[in-house]
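Here's the letter readout for the chains.
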Amino acid sequence: MKPFEDIAQEEKDKLVSRVWFNLIRSHRYLYPRFERSLRQLGIENPIWYEIFLEIERAGPEGAKASDIQECLFMAQFNMSRHLSRMEKKGFISRHPDEKDGRAQILRLTPQAFNAEKEIWPQYFATIQKELGERLTKEEALELFRLLSKLYP
C-alpha cells in the first residue's frame, strides 16, 4: 500500500474510491467477528440487535416491519428472512396491523427482553475490542461525524 503522504496527494475522485474500498474491507473484516461474538447468545446476525432496539423504541404497541426495514436500510426480502428466524427463535411476535391489513406489527417477546440484557454487554465488549482499542476518542468522534454524512 502507498504511504499515507502519497495517498493524501491524490485527486479527490481517486481518494473517494479508496474510502469506498476501505469501508467495504472494514466491513468484511469486522462483521464476522461481531457475528461470532453474538452467535454465542443465539443471535444469528448483529442486525437482530438493531431490530430489537427499534421494536423496543416503538413501545408496547410494537413497530411496523416496514418502518424498521426503512430505518435500517434493508431490502424487504432480507428483513422478512431475519424476522422469520427471530420469530422461530421466540424473540418476536408478528401481528396484522389493524389499520393496514398488509402490514405487520412486531413486538418483542419476554424471551427477547431477557436476551437483550445479555446481548448488549457482549456486543459492547466486542465493539470495544474491535474498534475501541484502535481509535482514540477524537478519531471515534471524527469517524462518527464523517460516516453520518454518508446516509440520510
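Computed from a prediction, not measured in an experiment: that's the story for all the values here. Per chain, the residues get numbers from 1 upward, laid out in the order the sequence is written. Totals for whole chains, interfaces and linings use all residues, but because this is a predicted model, local features are given only for residues with pLDDT of at least 70 and pairs of side-chain atoms are given and counted only at 80 or more. Computation of side-chain values: all heavy atoms of the structure, hydrogens and water removed.

**Structural notes on the overall build of the protein**
Next, step 1: The helix and strand inventory of the protein stands at seven helices and three strands.
Next, step 2: Helix and strand assignments follow DSSP, with helices taken as H or I runs no shorter than four residues and strands as E runs no shorter than two, numbered in order from the N terminus. The secondary structure elements of the protein, listed N-terminal to C-terminal, are α-α-α-β-α-α-β-β-α-α.
Next, step 3: Referenced to the eigenvectors of the C-alpha coordinate spread, the extents of the protein come out at roughly 60 × 30 × 25 Å.
Next, step 4: Think of it in three bands: with a 1.4 Å probe and only protein chains considered, a residue is buried below 20% of the maximum accessible area for its type, exposed above 50%, and partly exposed in between. Expressed as a percentage of its 152 residues, the buried residues of the protein come to 29%.
Next, step 5: The long-range fraction of contacts in the protein, counting pairs at least 24 apart against all pairs at least 6 apart in sequence, stands at 53%.
Next, step 6: For the area figures, the Shrake-Rupley method with a 1.4 Å probe applies, and any residue is considered shielded solely by the protein chains shown. Total accessible area on the protein is roughly 10900 Å²; 57% of this is exposed by carbon and sulfur atoms.
Next, step 7: Charge assignment in this entry is limited to Lys and Arg as positive and Asp and Glu as negative, and neither His nor the chain termini are counted. Throughout, a charge is located at the NZ atom of Lys, the CZ atom of Arg, the CG atom of Asp or the CD atom of Glu. In the protein, which carries 25 positive and 24 negative side-chain charges, the distance between the mean positions of the two groups comes to 5 Å. Any two residues whose heavy atoms approach within 4.5 Å at even a single point are treated as in contact.

**What to know about the packing of aromatic side chains**
Next, step 1: Pairing of aromatic rings covers Phe, Tyr and Trp, the last counted by its six-membered ring, and requires centre-to-centre distances within 6.5 Å; plane angles under 30 degrees mean stacked, over 60 mean edge-to-face, and any other angle means tilted. The tally for this structure, following the rule as stated, stands at eight aromatic pairs.
Next, step 2: Look at Phe34 and Tyr123: their rings are 5.7 Å apart centre to centre, the planes differ by 70 degrees, and that puts the pair in the edge-to-face class. With Phe34 in helix H2 (residues 12-39) and Tyr123 in helix H6 (residues 110-132), the pair connects residues that are 89 residues apart, well separated along the chain.
Next, step 3: Judged by centre distance (5.7 Å) and plane angle (50 degrees), the ring pair of Trp120 and Phe124 falls under tilted.

**Side note on the pairing of strand S3 (residues 104-108)**
Next, step 1: When strand S1 (residues 63-64) meets S3, the two strands line up antiparallel, connected through two bridges. Bridging across to S3, Ala63 finds its partner in Leu106.
Next, step 2: Bridge analysis of strand S2 (residues 92-96) against S3 gives five bridges, and the strand direction is antiparallel. By the bridge assignment for S3, Ser93 is matched with Arg107. The pairing criterion is simple: DSSP has to find at least two bridges between the two strands.

**Considerations on the pattern of salt bridges**
Next, step 1: Basic side-chain nitrogens of Lys or Arg form a salt bridge, by our definition, when they fall within 4 Å of a carboxyl oxygen of Asp or Glu. Evaluated as defined, the whole model comprises ten salt bridges.
Next, step 2: One salt bridge in this structure joins Lys2 and Glu10, with 3.1 Å as the shortest N-O distance.
Next, step 3: Look at Glu10 and you get buried, because its relative accessible area is 13%.
Next, step 4: When the shortest N-O distance is used, the salt bridge between Arg94 and Glu87 registers 3.1 Å.
Next, step 5: Salt bridges sharing common partners tie together Lys2, Glu10 and Arg18.

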